[in-house]
Amino acid sequence: MAKRPPVYPFTAIVGQEKMKIALILNAIDMRIGGVLIRGERGTGKSTAARALAALLPEIDVFTDSPFNDDPARPDTWSDWARDNQNGHQSVSRRNVPFIDLPVSATEDRVVGTLDIEKAIQQGVKKFDPGVLANANRGILYIDEVNLLDDHVVDLLLDSAAMGVNVVEREGISFAHPARFILVGTMNPEEGDLRPQLLDRFALSVEVEGIRDAGKRMEIVERHIAYESDAEAFREEWQPSEQQLAERIIAARALVDDVTYTRRDLYSIATLTSGLHIDGHRADMVILKTARAYAAYNLRDEVNQHDILLALELAIPHRLKRGPFSDAQMNMAELEKKMDQIESEWGEGDESQESTDEGAEQTVKKKANP
């Protein structure tokens, strides 16, 4: 059997900075909720997703677990892990899973199936794992997500949000963890997702072919070098890959300790309200993304730049007025609005300093993990 060539290095991808940072932030905090990458073919969408999986550190799992159960997190264990714990399961390390979901996937293929006959006749709860089980603690990649059945997309987004998959049949149920980075890619020319589904993706980025001649030459040169000798190419980029991997690990350890103020919450709420964003999901996504970006920069406090970066990644697909190209020209205005909000809050805060609650307005709070 031919040896599979190494994955193209994440740090060797030219340009597409927004796409790369959106993926990195989801790797730092899976609770953000995934990313939708929209753009023309041949812009490195699938390459970046696969490269991110290869970049991430190995994970500890129960050796025989088909659900990638984390031995250190009993609160997340599958029913399988709980039922077999008396056997003192051995622990081993695995690469972060990268699961490529086909567009033709059915509900049973995604969530898994319970063997009802065996449960009734033998009293044994047998569960055949699906895609959600395979993807736990890894990356679930869906190419052409806009062509996937809406019901299946709903199931995926529900699991990504809750972090658990529960299958119930005839009064019998089975639960397992389903925490993963959901990466969907699509070409808008082939049709878009319904607005309700678009909103469920935490972040969204638009990618297009690079126009700069010098960078296009660099792309070609790197790919030729990779195709000529993939091992040597990986070795050349290993130092930068290792540096990024270590930075992600450090950010993961820090992200839950990143603090924010009530003023930050006020800024986020005012901006999303001003953009007429429905619901409150965007506000929560922006805060989580801002905290992850602060952690990525090894800071323990959210600042204005973190919020603006998060806003730019979380808002495009939620705007009611056409594509993000309409909003891009307003980023400078949003920054100006942010300064105005900061000023207004400062004035309001000073006027409350004499009240019992005034001090609470500037107390830094930690987000719920």
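What follows covers the overall build of the chain. If you tally the helices and strands in the chain, you get 15 helices and 13 strands. Within the chain, buried positions represent 49% of all 369 residues. Here the analysis covers contacts within the chain between residues at least 6 apart in sequence; of these, 77% occur between residues at least 24 apart. In the structure as shown, the chain presents an accessible area of about 18,600 Å², 48% of it carried by carbon and sulfur atoms.

The subject of this paragraph is the nonpolar core. In summary, soluble globular proteins display a tendency toward joint burial of nonpolar side chains. Formed by 71 residues in total, the largest nonpolar core has its most connected members in F10, L25, I28, L52, V183 and L203. Setting aside residues no more than four positions away along its own chain, L203 makes contact with A22, N26, I32, G34, V35, L36, V285, T289, L313, A314 and H317. Counting 38 residues, the second-largest nonpolar core is a separate cluster that includes I99, L101, V153 and I172.

Attention now moves to the packing of aromatic side chains. In the structure shown here, the tally under the stated rule is eight aromatic pairs. Aromatic pair F233 and W237: ring centres 6.2 Å apart, planes at 45°, arrangement tilted. One end of the pair is F233 and the other is W237, both in helix α10 (residues 230-254) and four residues apart, which spans about a single turn. Classification of F233 as buried rests on a relative accessible area of 4%. Judged by its relative accessible area of 17%, W237 falls in the buried class. Sitting over the face of the ring of Y296, R247 holds its NZ or CZ atom 3.7 Å from the ring centroid.

Glancing now at the sheet that holds strand β11 (residues 203-207). The five strands are arranged β4-β7-β10-β1-β11 in an open sheet whose pairing can be described as parallel. The sheet is open, and its two borders are formed by β4 (98-101) and β11, each paired with just one other strand. In this sheet, adjacent strand axes meet at a mean angle of 20° when their direction is disregarded.

Let us look at the layout of surface pockets. Over the atoms a probe the size of a water molecule is rolled, and this reveals where empty space is left. Computed from the structure, the largest pocket encloses a volume of approximately 1,400 Å³. Those elements that provide at least two residues to the lining of the largest pocket are α1 (17-28), α7 (150-162), α10 and α12 (281-296). The greatest single-element share of the lining of the largest pocket, amounting to six residues, is contributed by α12. Looking at the lining of the largest pocket, its residues break down into 25 nonpolar, six polar and 15 charged.

To continue, consider the environment of R299. Relative to the helices and strands, R299 resides in the loop between α12 and α13 (304-314). Relative accessible area serves as the criterion here: at 24%, R299 is assigned to the partly exposed category. For the pair R299 and T259, spaced 40 residues apart in the sequence, the C-alpha separation amounts to 9.4 Å. Ignoring any residue separated from it by four or fewer positions in sequence, one finds R299 in contact with L254, V258, Y293, A294 and D306.

All right, on to the environment of M30 then. When you line up the elements, M30 lands in the loop between α1 and β1 (35-39). Sequence spacing of M30 and A160 is 130 residues, and the spatial spacing of their C-alpha atoms is 8.7 Å. The residues touching M30, leaving out its near neighbours within four places in the chain, are R137, G138, R179, F180 and I181.

Moving on to the side chain of R234. Relative to the elements of secondary structure, R234 occurs in helix α10. According to the relative accessible area criterion, R234 is buried, its value standing at 15%. Sequence-distant contacts of R234, defined by excluding residues within four places in its chain, comprise P6, V7, Y8, P9 and E241.

In low-pLDDT regions, the fine details of the predicted coordinates are not to be read closely. Taken residue by residue, the chain gives an average pLDDT of 80. The fraction at 70 or more is 83%. Least confident of the elements in the chain is strand β13 (residues 365-366), whose mean pLDDT is 42; most confident is α12, at 93. Low pLDDT (under 50) marks residues 322-329, which in the prediction has eight contacts with non-local residues, meaning those over four places away or in another chain. In the predicted structure, residues 350-369 sits below a pLDDT of 50 and forms 27 contacts with residues beyond four places in sequence or in another chain.

This part takes up the packing of α1 against α13. Helix-helix packing is characterised by the crossing angle of the two axes and by the distance between the axes. Closest axis-to-axis distance for the α1/α13 pair is 11 Å, and the angle between their directions is 100°. Our classification of the angle between α1 and α13 gives roughly perpendicular. In contact with K18, I21, A22 and L25 of α1, α13 contributes L309, E312 and L313. Of the residues that constitute the contact of α1 with α13, the class distribution is five nonpolar, no polar and two charged.

We now examine the pattern of salt bridges. Tallying each qualifying case throughout the model produces 13 salt bridges. The residue R31 makes a salt bridge to D256 at a minimum N-O spacing of 2.6 Å. Of this pair, R31 sits in the loop between α1 and β1 while D256 sits in the loop between α10 and β12 (259-260); the two residues are 225 residues apart in sequence, bridging distant segments of the chain. Of the residues examined, D256 reaches a relative accessible area of 30% and is grouped as partly exposed.

The pairing of strand β8 (residues 164-169) with strand β9 (residues 172-177) spans six bridges and is classified as antiparallel. Paired with E168 across the strands is S173, a residue of β9.

With that settled, consider α10. Taking 1.5 Å of rise per residue, the 25 residues of α10 would be expected to cover 36 Å, and the 34 Å separating its terminal C-alpha atoms lies within 8% of that figure. At Q238, α10 shows its maximal bend, which comes to roughly 50°, and the proline P239 appears one to four places after that position. Within the sequence span of α10, burial applies to A230, F233, R234, W237, E241, L244, A245, I248 and A251. Buried-residue contacts for α10 involve α1, α2 (45-55), α9 (213-228) and α12.

So, how was this worked out
- Residues numbered from 1 in each chain as written.
- Predicted model: local features only at pLDDT ≥ 70, side-chain atom pairs only at ≥ 80, totals over all residues.
- Heavy atoms only, no water.
- Helix = DSSP H or I, 4+ residues; strand = E, 2+ residues; numbered from the N terminus.
- Buried < 20%, exposed > 50% of the residue type's maximum accessible area, 1.4 Å probe, protein only.
- Contact = heavy atoms within 4.5 Å.
- Areas by Shrake-Rupley, 256 points an atom, 1.4 Å probe, with all protein chains shown as cover.
- Core = buried A, V, L, I, M, F, W, Y, C linked by side-chain atoms within 4.5 Å.
- Phe/Tyr/Trp six-rings, centres within 6.5 Å; stacked < 30°, edge-to-face > 60°.
- Lys NZ or Arg CZ within 6 Å of the ring centre and 35° of its normal.
- Pairing = 2+ DSSP bridges.
- Axes fitted to C-alpha atoms, helices over the stretch in contact; angles between N-to-C directions.
- 1 Å grid on protein atoms, 1.4 Å probe; cavity = no way out; pocket = protein on both sides within 12 Å on 5 of 7 lines; lining within 4 Å.
- Points joined across faces, edges and corners; volume = space filled by probe spheres on them.
- Nonpolar A, V, L, I, M, F, W, Y, C, P; charged D, E, K, R; others polar.
- pLDDT = per-residue confidence, 0-100.
- Parallel < 35°, antiparallel > 145°, perpendicular 65-115°, else oblique.
- Salt bridge = Lys/Arg side-chain N within 4 Å of Asp/Glu carboxyl O.
- Expected span 1.5 Å × (residues − 1).
- Bend = angle between axes of the 7 residues up to and from the residue.

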